[in-house]
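# Close look at the chain arrangement
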Amino acid sequence: LTANTMVLSADGNGCEAWRLLNGFFDPQTDQRLTRSILDVVNFKVKGKDIQSGIVEWEQMVSALTKDHAITLDATLLRAFWMNIMPKWMQDKIVEHLDRLPTYVQVREKVISLSQAQAGENIQQPENP
């Protein structure tokens, strides 16, 4: 749908249609790089489905790394990680941050906390 709209907007100019399509679909353009970085930085895990949010965010980071040959420093990954988490999870992680110097350790802690949170929700009886 997007590609068709781009081609139609070129009004029969094949070179312009190619330029628009290439700019949008080529993963190595400056526009795509900027969009990928903003997607990684601005992503937010919504609701209580933290683990699927983690997977989605890590796929964006992986695409950024592969498409643009950018390697994110572990400290930056950890900071971005804190930014994408819901507020309640950020507060829990900050309590343990001095013992979690790497991204992998923060990730493991987030997963264990989200699993514990899910277990608490299951065990709580419904209010009548």
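Before going into details, it helps to say that this report is about the structure given with it.

Reading the values: rules and limits
Residue positions are given per chain, counting from 1 as you read along its sequence in written order. Reporting of local features is limited, given that this is a predicted model, to residues whose pLDDT is at least 70; pairs of side-chain atoms are given and counted only at 80 or more, and all residues count toward the totals for whole chains, interfaces and linings. Side-chain figures throughout are based on the complete set of non-hydrogen atoms in the structure, without hydrogens or water. Working definition: helices are DSSP H or I runs of at least four residues, strands are E runs of at least two. Numbering for both runs from the N terminus. We take the radius of gyration over the C-alpha atoms and set the globule estimate at 2.2 Å times the residue count to the 0.38 power. In what follows, a contact means two residues having at least one pair of non-hydrogen atoms within 4.5 Å. Method for areas: the Shrake-Rupley scheme with a 1.4 Å probe, in which residue coverage is limited to the protein chains shown. Lys and Arg are tallied as positive, Asp and Glu as negative. Neither His nor the chain termini are counted. Charge positions come from single atoms, namely NZ of Lys, CZ of Arg, CG of Asp or CD of Glu. To get an axis, a line is fitted to the C-alpha atoms, and for a helix only the part in contact is used. The angle between two axes follows their N-to-C directions and goes from 0 to 180 degrees. The cut-offs work like this: below 35 degrees is roughly parallel, past 145 is roughly antiparallel, 65 to 115 is roughly perpendicular, and the gaps in between are oblique. In this scheme the crossing of two helices becomes right-handed for a clockwise turn of the near helix relative to the far one and left-handed for an anticlockwise turn of less than a right angle. Only Asp, Glu, Lys and Arg are considered charged in this grouping, and only Ala, Val, Leu, Ile, Met, Phe, Trp, Tyr, Cys and Pro are considered nonpolar; every other residue, Gly among them, is considered polar. Working definition: with a 1.4 Å probe on protein chains only, accessible area under 20% of the residue-type maximum means buried, over 50% means exposed, and in between means partly exposed. Residue types Ala, Val, Leu, Ile, Met, Phe, Trp, Tyr and Cys, when buried and joined through side-chain atoms within 4.5 Å, form a set referred to as a nonpolar core. Salt bridges are defined by distance alone: a side-chain nitrogen of Lys or Arg within 4 Å of a carboxyl oxygen of Asp or Glu.

## Description of the overall build of the protein chain
Helices and strands together make up the secondary structure of the protein chain, namely 7 helices and 0 strands. Scanning the protein chain from its N terminus toward the C terminus, one meets helices and strands in the order α-α-α-α-α-α-α. The C-alpha atoms of the protein chain give a radius of gyration of 20 Å, which is well past the 14 Å a tight globule of 128 residues would have. The dimensions of the protein chain, computed from C-alpha atoms along their principal axes, are 65 × 45 × 15 Å. The long-range share in the protein chain, meaning contacts at least 24 apart out of those at least 6 apart in sequence, stands at 52%. With an accessible surface of roughly 8,600 Å², the protein chain has 56% of that area assigned to carbon and sulfur atoms. Looking at charge distribution, the protein chain has the averaged site of its 13 positive side-chain charges lying 4 Å from that of its 16 negative ones.

## A look at the packing of helix α4 (residues 50-68) against helix α5 (residues 74-84)
Following both chains from N to C, one finds α4 and α5 inclined at 140 degrees, their axes separated by 12 Å at the closest point. Between α4 and α5, the crossing angle belongs to the class labelled oblique. For the crossing formed where α4 meets α5, the hand is right-handed. Every residue of α5 that contacts α4 at Ile-54, Trp-57, Glu-58 and Val-61 is listed here: Leu-77, Phe-80, Trp-81 and Ile-84. In terms of residue class, the contact of α4 with α5 is built from 7 nonpolar, no polar and 1 charged.

## Focus: unusual backbone geometry
You will see that Asp-11, though not glycine, has its phi angle at about 50 degrees, which is positive. Tracing the backbone through its elements, the reader meets Asp-11 in the loop between α1 (2-9) and α2 (14-25). Residue Asp-11 is classed as exposed on the basis of its relative accessible area of 71%.

## Concerning the nonpolar core
Counting 23 residues, the largest nonpolar core has Trp-57, Trp-81, Met-85 and Val-110 as its most contacted members. For this core, the elements supplying multiple residues, two or more each, are α4, α5, α6 (87-96) and α7 (103-123). Setting aside its immediate chain neighbours within four residues, Met-85 contacts Val-45, Ile-50, Ile-54, Gln-90 and Val-110.

## Looking at the packing of α1 against α2
At their nearest, the axes of α1 and α2 sit 8 Å apart, and the two run at 150 degrees to each other. Put simply, α1 runs roughly antiparallel to α2. Note on packing geometry: the crossing formed by α1 with α2 is right-handed. Across the interface between the two elements, Thr-2, Ala-3, Met-6, Val-7 and Ser-9 from α1 touch Ala-17, Leu-20, Leu-21, Phe-24 and Phe-25 from α2. Its residues assigned to classes, the contact of α1 with α2 shows 8 nonpolar, 2 polar and no charged.

## Details of the pattern of salt bridges
Throughout the structure, instances matching the rule amount to 3 salt bridges. For Arg-19, the salt bridge identified is with Glu-16, shortest N-O distance 2.7 Å. Of this pair, Arg-19 and Glu-16 are both found in helix α2, 3 residues apart, which corresponds to roughly one turn of the helix. Arg-19 sits in the partly exposed class, given a relative accessible area of 47%. What makes Glu-16 partly exposed here is its relative accessible area of 26%. A salt bridge links Arg-107 to Glu-58, with the nearest nitrogen and oxygen atoms 2.6 Å apart.

Shape is all these values report; function is a separate question.
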